[in-house]
Amino acid sequence: NAGVTQTPKFRVLKTGQSMTLLCAQDMNHEYMYWYRQDPGMGLRLIHYSVGEGTTAKGEVPDGYNVSRLKKQNFLLGLESAAPSQTSVYFCASSYQVGRAEAFFGQGTRLTVV
Amino acid sequence: AQTVTQSQPEMSVQEAETVTLSCTYDTSESDYYLFWYKQPPSRQMILVIRQEAYKQQNATENRFSVNFQKAAKSFSLKISDSQLGDAAMYFCAYRSLREYGNKLVFGAGTILRVKS
């Protein structure tokens, strides 16, 4: 009963490097989301998906790309990392019903130096 | 766009006492859901309580209850008989029923410290 699993849990990148964060859920959820958490700002939505093959921009999408080729996976990519992207990243998923709670992964702490 | 405001960056409570965390939100919608999530030092996001906007009755979950004032757009969380394990960051969140993607919008969070 894994729920939502994020890989990796920690990562340090150099400015300009690229990386991909993987989110996998085993609950057959339609909706998946990527958030970033910064001190004093709560969680802000980066990108989201309402189903396999769909993606949409959230509040802070610049510098990130996403893909959802399979229903259970949602990938977040950083093409050229910048220090401003140092943050904790959370993936979440939920059913296609507004009352449904969103289930979160354990977070990825990313530091860009 | 909806916004959620938590005006208390940090709160403290004595063990066994009661504390209330404040949350206000802004929306033009009539149907939506509100949530309180707890984030302990482990970083895990844990659902504490949810409230459906169409219900007048305030939600309760054991020691946790809310005061939902729809007209005032206020959604406060009351924690009774506070325990050391309640120490965490608490986030208030709004979820639209009509917007594409049913996205969750979060407040900035309130750090709750529990003193023994």
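Residues numbered from 1 in each chain as written. Chains lettered and ligands numbered in written order. Predicted model: local features only at pLDDT ≥ 70, side-chain atom pairs only at ≥ 80, totals over all residues. Heavy atoms only, no water.

(A) Summary view of the state of the cysteines. All names here are of chain A. A complete count under the given rule lists 2 disulfides over all chains for this structure. Disulfide partner of C23: C91, at an S-S distance of 1.9 Å. Around the S-S axis, the bridge from C23 to C91 shows a dihedral of about -75 degrees and counts as left-handed. Note that C23 is positioned in strand β3 (residues 19–25) and C91 in strand β9 (residues 87–94), a separation of 68 residues in sequence. The same class applies to C23 as to C91, namely buried. (Disulfide = S-S within 2.5 Å. Helix = DSSP H or I, 4+ residues; strand = E, 2+ residues; numbered from the N terminus. Buried < 20%, exposed > 50% of the residue type's maximum accessible area, 1.4 Å probe, protein only.)

(B) Spatial organisation of the nonpolar core. Core analysis: the biggest nonpolar cluster contains 25 residues, and Y25(B), W36(B), F75(B), L77(B) and Y90(B) have the highest contact counts within it. At the level of secondary structure, the elements contributing two or more residues to this core comprise β3 (19–21), β5 (32–39), β6 (46–52), β8 (64–69), β9 (74–79), β10 (88–96) and β12 (110–115) of chain B. For this core, the element with the highest residue contribution is β10(B), accounting for 4 residues. Not counting residues within four places of it along the chain, the set of residues in contact with Y90(B) comprises Q6(B), L21(B), W36(B), Y37(B), K38(B), V48(B), F64(B), L77(B), I79(B), G109(B), T110(B) and L112(B). Among the nonpolar cores identified, the runner-up in size contains 21 residues, and Y31(A), Y48(A), Y33(B) and M45(B) belong to it. (Core = buried A, V, L, I, M, F, W, Y, C linked by side-chain atoms within 4.5 Å. Contact = heavy atoms within 4.5 Å.)

(C) Inspection of the environment of T20(B) at higher detail. All names here are of chain B. Along the chain, T20 turns up in strand β3. Accessibility expressed as a relative area gives 34% for T20, which makes it partly exposed. Between the C-alpha atom of T20 and that of S80, which follows or precedes it by 60 residues, the distance is 8.8 Å. Apart from the residues within four sequence positions on either side, T20 is in contact with Q8, M11, S76, L77 and K78.

(D) Quick look at the sheet that holds strand β7 (residues 64–67) of chain A. All names here are of chain A. The strand order across the open sheet built from 4 strands is β1-β3-β8-β7, with neighbouring strands paired in antiparallel fashion. Each edge of the sheet is formed by a strand with only one pairing partner; in this case those strands are β1 (4–7) and β7. Averaged over all pairs of adjacent strands, the angle between their axes in this sheet comes to 20 degrees, without regard to strand direction. Pairing analysis gives 6 bridges linking β3 to strand β8 (residues 73–78), with the strands arranged antiparallel. Across the sheet, L21 pairs through a bridge with L76, a residue of β8. (Pairing = 2+ DSSP bridges. Axes fitted to C-alpha atoms, helices over the stretch in contact; angles between N-to-C directions.)

(E) Layout of the pattern of salt bridges. For the coordinates displayed, the defined rule picks out 8 salt bridges over all chains. Among the ionic pairs, D38(A) bridges to R36(A), the shortest N-O distance being 2.8 Å. Judged by its relative accessible area of 11%, D38(A) is buried. In this structure, R63(B) and D86(B) form a salt bridge, with 2.8 Å as the shortest nitrogen-oxygen distance. Of this pair, R63(B) sits in the loop between β7 (60–61) and β8 while D86(B) sits in the loop between β9 and β10, and the two are 23 residues apart along the sequence. Considered together, R63(B) and D86(B) belong to a single accessibility category, that of buried residues. Residues participating in the shared-partner salt-bridge network are R36(A), D38(A) and R44(A). (Salt bridge = Lys/Arg side-chain N within 4 Å of Asp/Glu carboxyl O.)

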